[in-house]
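Listed below, chain by chain, are the residues.
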Amino acid sequence: MAYDLSKGAPAPKPEAQVFKGYVATVTLHQDRADIKRKLMGKVSGAKDSVIPLGAVIKVQSKEPTRLVNGYVQLATEEDRGQLRIATAEAQKAIANNSRTVLFTWNQRKTYAAYLAAVTAGVQAQGGNPFG
């Protein structure tokens, strides 16, 4: 696709990236993450959500293993209380969070790609993905 780089022409917008997790798909735009869940993903209470990357205060993650699913959570002010608790109950709350996407062992490459892309996106919006 050719772009018109002449004076006054709008700059080309970066393409959205799509990452397929376990029962959820994330479309990562320059300024937001759009998470859509399948029916089974909504059973736990998590809903579809749109998260502005500028509102992310921390990107929490856990790498998937053969025994346990991993996740990437885009923590916002709503999650501040959960960031202080490190118990099994907090892990359950993270998994049921609308801003969390789970990944299986077979999706570990997608997990790594999404984590890198969303971390870069939060930094580009002026945030600190490491809290």
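Let me begin by describing the structure that accompanies this report. The structure displayed is predicted, hence computed values, not measured ones.

**Looking at the overall build of the chain**
Each helix and strand in the chain was counted, giving 3 helices and 7 strands. Starting at the N terminus and walking to the C terminus, you meet the elements of the chain as β-β-β-α-β-β-β-α-β-α. Looking at the chain alone, contacts between residues at least 24 apart form 49% of all its contacts between residues at least 6 apart.

**A few points about the sheet that holds strand S2 (residues 24–28)**
Read from one edge of the open sheet, 4 strands run S1-S2-S3-S4, paired in antiparallel fashion. In this open sheet, the two strands that pair with only one neighbour each are strand S1 (17–20) and strand S4 (49–52). Each adjacent strand pair in this sheet contributes to an overall mean axis angle of 15°, direction not counted. Of the pairings in the sheet, the one linking S2 to strand S3 (residues 32–37) comprises 5 bridges and is antiparallel in character. Opposite threonine 25, over in S3, you have lysine 36 as the bridge partner. Relative to the sheet, helix H3 (residues 108–124) contacts S1 and S2, its axis offset from that of S1 by approximately 140°.

**Notes on the packing of aromatic side chains**
Aromatic rings considered in pairs are described by the distance between their centres and by the relative angle of their planes. Applying the stated rule across the entire model yields 3 aromatic pairs. Aromatic side chains phenylalanine 103 and tyrosine 111 sit 5.8 Å apart centroid to centroid with 70° between the ring planes, which places their arrangement in the edge-to-face category. Exposure class is identical for phenylalanine 103 and tyrosine 111. Each is buried. Ring centres 6.0 Å apart and planes at 40° place the aromatic pair phenylalanine 103 and tyrosine 114 in the tilted group. Remark: tyrosine 114 occurs in helix H3 and phenylalanine 103 occurs in strand S7 (residues 100–103); sequence separation between them is 11 residues. Considered together, phenylalanine 103 and tyrosine 114 belong to a single accessibility category, that of buried residues. Linked through ring pairs, Phe19, Phe103, Tyr111 and Tyr114 together constitute an aromatic cluster. Lying across the ring of tryptophan 105, arginine 108 places its NZ or CZ 3.8 Å from the centre.

**A word on the sheet that holds strand S5 (residues 58–62)**
Judged by pairing direction, the sheet is antiparallel, and its 3 strands sit side by side in the order S5-S6-S7 without closing on themselves. This sheet does not close on itself; its edge strands, each paired only once, are S5 and S7. Looking at each pair of strands side by side, their axes are set apart by 10° on average, direction ignored. In the sheet, strand S6 (residues 70–75) pairs with S7 via 4 bridges, with the strands oriented antiparallel. Looking at the pairing, tyrosine 71 lines up with leucine 102 of S7.

What counts, and at which threshold
Residues numbered from 1 in each chain as written. Predicted model: local features only at pLDDT ≥ 70, side-chain atom pairs only at ≥ 80, totals over all residues. Heavy atoms only, no water. Helix = DSSP H or I, 4+ residues; strand = E, 2+ residues; numbered from the N terminus. Contact = heavy atoms within 4.5 Å. Pairing = 2+ DSSP bridges. Axes fitted to C-alpha atoms, helices over the stretch in contact; angles between N-to-C directions. Phe/Tyr/Trp six-rings, centres within 6.5 Å; stacked < 30°, edge-to-face > 60°. Buried < 20%, exposed > 50% of the residue type's maximum accessible area, 1.4 Å probe, protein only. Lys NZ or Arg CZ within 6 Å of the ring centre and 35° of its normal.

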